[in-house]
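Spelled out, the chains give:
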Amino acid sequence: MTAYLLKRIIIAALTLVLASIVVFAVMEILPGDPARLMLGLNASADQVEVLRNQMGLNAPLVLRYLHWAGGLLSLDFGRSYTYSVPVIDLVRERIVVSLPLALIALALSTIIAIPIGVFSASRQGRAGDTLVMGAAQLGVAVPNFWFALMLIYLFAVWLRLVPAGGFPGWSAGIWTALKSLLLPAVALALPQAAILGRVARSALIEVLNEDYIRTARAKGLPYRAVLWRHALRNAMIPVLTILGLQFAFLLAGTIIIENVFYLPGLGRLIFQAITQRDLIVVEGIVMLLVAAVILINLLVDFSYAIVDPRLRAIPGKVRSGFPSGIAPKQILRAVQRFRETRNRSRGRQ
Amino acid sequence: MNLLEIENLSLSIGDTPILKGVELTIAPGEVVGLVGESGSGKSMTALTIMRLLPHLARAEGRVAFDGIDILGASEDQMCALRGDDIGMVFQEPMTALNPVKTIGEQVAEGIRWHTKASRAEAEERARKILDRVGLPEAKFPLSRYPHELSGGQRQRVVIAIACALKPKLLIADEPTTALDVVLQAQILDLLRDLVSENRMGLLLISHDLAVVTEMADRLIILRNGEVMEAGDTARTLSEQQHPYTRELALASTHVPARPKPHLAGSAKPLLEVEGVGRDYPGRRKSLFRPAQPIRAVDDVSLTIEPAQSVALVGRSGCGKSTLARMILALDKPTAGTIRFRGEPITGKPESTLKPARRDMQVVFQDPYGSFDPRQKVEKLVAEPLHLLEKPPAKAERREMVAHALQEVGLSQRDMDKYPHEFSGGQRQRLSIARAIITRPKLVVADEPVSALDVSIRAQILDLFAELNQKLGIAYLFITHDLTVARAMADEVLVMHEGKIVERGRAAEVLDHPRSEAAQALVAAAPDLHRAIARKMQEQG
């Protein structure tokens, strides 16, 4: 077990380093001189040069990367070119909106998806299954901002249950703050839940055909007990995999959703930073998002080991981190299915 | 009174009839053998008794267990019966247990469900039954997971689950088919003991006539969903009144004719294996000490001459498949050399192995798993042709495939079909066609007939013998089935824990085994003639 976890942690750390190099390199290639941007169009070449020296933009590439990456380690993301405040301060203000939003959305999509998957799988091919999966297909195909608009219309404009947008801040009281995050979270969660529900259904159907399900039935357990006790946990591995993959899409989704709901979150910050060529802010936030995705997937890797005891005891022959033949096939299939569903939905949009 | 009475049972799935007028009774303490080839309806009969039939299955007739009308019972009644009064053991122990639950949980679960016992009580009972089936707690604590056990041990757990509540009837569907002969004998002994201890009725389902003969008081022979013959085991098999019974018995002991026997030492060896070993990295016990390697194959030497047929026999896990992989240059030995037609093949780059690969082909056990279902037969059988010096043009390729198909007894019209359109036996013919299309000198066959029914098996063995006679192909049969070795091999090598412990002429090794490992194999191997003779004595 420890060997497995250690390996996952090392891989996650290496991924992070690699990601930082890529992010830095991309930002270097992009056109636009931050110093000129800060000083405006009327600045002379000398003034720009002085500022460039001050900002350390003339130092060699490798040094600048090391400086930047070293700063990241101590949560020093540099200073915003446009706001002239440390990036970390901007992030700190915004993350208290975006992180709860993403987590609530993630939790919501799981809570919606698993029962849907179980319901459909246990009624495979019957009317209930067809209906639910039809609805899920719709959920996959419809973009989340459209959901957002419909939700605003229904719950904010018509029923007046929650605010249509904006964020009062956590100081206004937890309930008030949560209320304004509710609609965006639902809008984010619905398409994800639709995908996850489909994955859960097909994973369950596959598991329900396994021999050990028959063994459990032969013990005298009723179908329902077999489904919850034996099938669900085995179907969790592909579901967890997709959950980890989806988190990245959730974060990307917040950029649109935060704009629809006027939420002062990271998504809006990065959107503004891109339009203003505030590259250092973009770099910082992108790195943060990358780290979040890597962290979540590390947690997913850990949870594999909790769900599947075969991963806990790793004999020497396990090379990929999975016992030969079992997990990877399942996961690959799940990922493939996930991509197919996604691509189909993209095609429609 | 009979424990189980099945009268005039008919079953259909959709519009396909599966069973037609099946009659079967089992008394307490009685062992009834249900014999038949795949598709004969054996398993469906068992699943009808458990009422675990697939969707769309419709059963008619009467099935009465202990006075309860099974076909008319409610689902709740059935749940109460299953696992309590009727237990069931399945064929494939590797997949019959839930991989994410401990064996303790899985055994105790049924006990708790039926008796409403507390967790501690149920675990205590689970401990007892696991001990009874030969998994004492000291060595196999309840906290073990299925993947930590071998196939034979897992099958014991499945039996423990089925017998935990002392059922009146145990249904065992091919309980030993996936196990090697030594494990098979152990599991059969266990089942026999459980029957006599609890006066349990046992319905033993198998395609292996010898196994059933050894175990059963009465036999029921099923074909295409109909009972062909039923009666006392000894009488049924000694008289063999029904032609199908005779056919089955003959096929089970079939030895293909090979008019030109192989003369040892007549030519220079085709394959030479010298001191070959293979280590696998072992499990690391500590972060700071290197892991002890596991020696799968240990200092093995053997030679195969042209047209010679050699059987490599041994229990599962003895290293025979690893050795075969190294001979096929699919795995690299950690020690020793392998020479094919005088040329060393060990440690050579892939590009120079082409001639060796062309002259050395393989037939696998599972004719289902070794074909890409989306490719046509023509492409599948032609696959090895890229190994030829000059790959043939399209027309020539079709010609060669047609010829190979004819050689294995298929028609050239089969070329444009897909693998799923063939039966298991035909698929094995396809894989043999694929193996011989490059005119190899050696074919390595890994358990080539163990997934096949007896009559099909006899045909495939005939085909192997014919190709050996006609084309002079040498064989290396990898098998745990001694009847294959007896039927096909000139020479037998017995492998045990990575080493070859005995070798010699086939008849000699199999009739007078000297090493302990060989003796254990021979003693455990079911033999139809021996079993019939024993039953004759018992049943008078």
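All values derive from a computational prediction rather than experimental measurement.

What counts as what
- Sequence order as written defines the numbering, with residues in each chain counted from 1.
- As a convention, the first chain written is A and the first ligand written is 1, with the rest following in written order.
- In keeping with the model being predicted, local features are shown solely for residues with a pLDDT of at least 70 and side-chain atom pairs are shown and tallied solely at 80 or more, while totals for entire chains, interfaces and linings include all residues.
- Labels follow the DSSP assignment, with helices taken as runs of H or I lasting at least four residues and strands as runs of E lasting at least two, numbered in each case from the N terminus.
- Atoms counted for the radius of gyration: C-alpha only. Globule rule: 2.2 Å times residue count to the power 0.38.
- Neighbour density around each residue's C-beta defines its exposure: 20 or more other C-beta atoms within 10 Å make it buried, 12 or fewer make it exposed, and counts between make it partly exposed, where C-beta atoms are placed from the backbone.
- Placing a C-beta atom from the backbone of each residue, one calls two residues in contact when those atoms lie within 7 Å.
- For this classification, the nonpolar set comprises Ala, Val, Leu, Ile, Met, Phe, Trp, Tyr, Cys and Pro, the charged set comprises Asp, Glu, Lys and Arg, and every other residue, Gly included, is treated as polar.
- When DSSP finds two or more bridges between two strands, those strands count as paired.
- Orientation is described by lines fitted to C-alpha atoms, with helices fitted over the stretch in contact, and by angles between N-to-C directions that extend from 0 to 180 degrees.
- By definition, pLDDT measures how confident the predictor is in each residue, and it falls between 0 and 100.
- Multiplying one less than the number of residues by 1.5 Å gives the expected span of a helix.
- What fixes the domain bounds is an automatic or database domain assignment.
- Angles below 35 degrees are treated as roughly parallel, those above 145 as roughly antiparallel, those between 65 and 115 as roughly perpendicular, and all remaining angles as oblique.
- Handedness of a crossing is defined here by the sense of rotation of the near helix relative to the far one, left-handed for an anticlockwise turn of less than a right angle and right-handed for a clockwise turn.
- A set of buried residues qualifies as a nonpolar core if it consists of Ala, Val, Leu, Ile, Met, Phe, Trp, Tyr and Cys joined through C-beta atoms within 7 Å.

Asks: I tried to follow the overall build of chain B on my own but got confused; where do I start?
Replies: In terms of helices and strands, chain B carries 19 helices and 20 strands. In terms of overall size, chain B behaves like a compact globule, its C-alpha atoms giving a radius of gyration of 25 Å where 540 residues would be expected to give roughly 24 Å. Classification of the 540 residues of chain B by burial places 49% in the buried group. Put simply, 69% of the contacts in chain B that link residues at least 6 apart link residues at least 24 apart.

Asks: Help me understand the overall build of chain A, please; the structure alone is not making it clear to me.
Replies: When you go through chain A residue by residue, the secondary structure sums to 14 helices and zero strands. Beginning at the N terminus, the succession of helices and strands in chain A can be written as α-α-α-α-α-α-α-α-α-α-α-α-α-α. For chain A, the residues scored as buried account for 35% of the 349 residues in total. Counting contacts in chain A only where the partners sit at least 6 residues apart, residues at least 24 apart contribute 70% of the total.

Asks: Help me understand the interface of chain A and chain B in this model?
Replies: By convention, interface size is frequently given as the accessible area that disappears when the constituent parts associate. The interface of chain A with chain B comprises 23 residues on the first partner and 31 residues on the second. Of all the elements in the fold, those that place two or more residues in the side of chain A that touches chain B are helix H9 (211-218), helix H10 (223-260) and helix H13 (309-312) of chain A. Tallied by class, residues from the side of chain A that touches chain B come to nine nonpolar, five polar and nine charged.

Asks: What is the right way to read the sheet that holds strand S19 (residues 491-496) of chain B from this model?
Replies: Strand pairing in a sheet relies on backbone hydrogen bonds. The paired strands run either parallel or antiparallel. All names here are of chain B. An order of S16-S17-S18-S13-S19-S20 is seen for the six strands of this open sheet, with the pairing classed as mixed. Of all the strands in the sheet, just strand S16 (360-363) and strand S20 (499-505) have a single pairing partner and so form its edges. Going across the sheet, the axis of each strand differs from the next one's by a mean of 20°, ignoring polarity. Pairing geometry for S16 and strand S17 (residues 442-446), over four bridges, is parallel. Considered in S17, the bridge of Gln361 is made with Val443. Of the strands in this sheet, S16 and S17 touch helix H14 (residues 424-436), which is tilted by about 175° from S16.

Asks: Sorry, what's going on with the confidence of the model for chain A here?
Replies: Note: predicted coordinates in regions of low pLDDT should not be interpreted at a detailed level. With 89% of its residues at a pLDDT of at least 70, chain A reaches an overall mean of 83. Confidence, expressed as mean pLDDT per element, reaches its minimum in chain A at helix H14 (residues 327-348) of chain A with 60 and its maximum at H9 of chain A with 93.

Asks: Hey, could you run me through helix H4 (residues 61-73) of chain A in this one?
Replies: One turn of an α-helix holds 3.6 residues; hence residues three or four places apart share an orientation. With 13 residues, H4 of chain A extends 19 Å between its outermost C-alpha atoms, agreeing within 8% with the 18 Å of an ideal straight helix rising 1.5 Å per residue. Positive phi appears at Leu75 of chain A, one or two residues downstream of H4 of chain A, with a value of about 60°.

Asks: For this particular structure, what's the right way to read the domain arrangement of chain A?
Replies: Residues and elements named next belong to chain A. By domain assignment, chain A separates into domain 1 (2-73) and domain 2 (89-348). At the interface, 19 residues of domain 1 touch 16 residues of domain 2. Of all the elements in the fold, those that place two or more residues in the side of domain 1 that touches domain 2 are helix H1 (2-29) and helix H2 (34-39). Considered class by class, the residues forming the side of domain 1 that touches domain 2 number 14 nonpolar, three polar and two charged.

Asks: Mind showing me how you'd approach the confidence of the model for chain B here?
Replies: Per-residue confidence for chain B gives a mean pLDDT of 89; residues scoring 70 or more make up 98%. This complex was scored by the predictor with a pTM of 0.80 and an ipTM of 0.81.

Asks: Would you take a moment to explain the packing of helix H9 (residues 243-252) of chain B against helix H15 (residues 454-471) of chain B for this structure?
Replies: Helices that pack against each other are described as a pair by the angle of their axes relative to one another and the distance between those axes. Residue and element names in this part refer to chain B. Put simply, H9 and H15 touch, their axes get as near as 8 Å, and they point 45° apart. As judged from the angle between their axes, H9 and H15 are oblique. In terms of crossing hand, the pair formed by H9 and H15 is left-handed. Here Glu247, Leu248, Ala251 and Ser252 of H9 lie close against H15, whose contacting residues are Val454, Ser455, Arg457 and Ala458.

Asks: Would you mind showing me how to read the nonpolar core here?
Replies: Soluble globular proteins tend to pack their nonpolar side chains together in the buried interior. If you look at the biggest cluster of nonpolar residues, it comprises 243 residues, and the most contacted ones within it are Leu203, Ala311, Phe477 and Ala485 of chain B. Beyond its immediate chain neighbours, meaning those up to four positions away, Ala311 of chain B contacts Phe477, Thr479, Val484, Ala485, Met488, Ala489, Val492 and Ala506 of chain B.

Asks: I tried to follow H14 of chain B on my own but got confused; where do I start?
Replies: Residue and element names in this part refer to chain B. Taking 1.5 Å of rise per residue, the 13 residues of H14 would be expected to cover 18 Å, and the 19 Å separating its terminal C-alpha atoms lies within 8% of that figure. Counting buried positions over the 13 residues of H14 gives eleven, a clear majority of the element. Among all positions of H14, only Gly425, Arg427, Gln428, Arg429, Leu430, Ser431, Ile432, Ala433, Arg434, Ala435 and Ile436 are buried. Next to the buried residues of H14 lie S16, helix H12 (377-382), helix H13 (394-407), S17 and H15.

Asks: Help me out: how do you make sense of the sheet that holds strand S15 (residues 343-344) of chain B in this one?
Replies: All names here are of chain B. Pairing in this open sheet of four strands is antiparallel, and the strands run S12-S11-S14-S15 from one edge to the other. The sheet is open, and its two borders are formed by strand S12 (294-304) and S15, each paired with just one other strand. Across the face of the sheet, helix H10 (residues 320-327) comes into contact with strand S11 (271-280), S12 and strand S14 (335-340) while running at roughly 120° to S11.

Asks: Please clarify how the domain arrangement of chain B should be interpreted in this entry.
Replies: Residue and element names in this part refer to chain B. When its domains are assigned, chain B resolves into domain 1 (4-252) and domain 2 (271-282 + 289-532). If you average the C-alpha positions of domain 1 and of domain 2, the two centres end up 33 Å apart. Between domain 1 and domain 2, the residue contacts involve 23 residues of the former and 19 residues of the latter. Those elements that place two or more of their residues in the side of domain 1 that touches domain 2 are helix H6 (181-198), helix H7 (209-215), helix H8 (233-239) and H9. In terms of residue class, the side of domain 1 that touches domain 2 is made up of eleven nonpolar, seven polar and five charged.

Asks: Is there a simple way to think about the pairing of strand S3 (residues 31-35) of chain B in this case?
Replies: Successive residues of a regular strand alternate their side chains across the two faces of the sheet. Residues and elements named next belong to chain B. S3 sits mainly inside the fold: five of its five residues count as buried. Residues of S3 alternate between two faces, with Val31, Gly33 and Val35 on one and Val32 and Leu34 on the opposite face, all of them buried. Here S3 pairs with strand S8 (residues 201-206) via five bridges, running parallel. Across the sheet, Val32 pairs through a bridge with Leu203, a residue of S8. In the sheet, S3 pairs with strand S9 (residues 218-223) via four bridges, with the strands oriented parallel. Following the sheet pairing, Gly33 is matched in S9 by Leu219.

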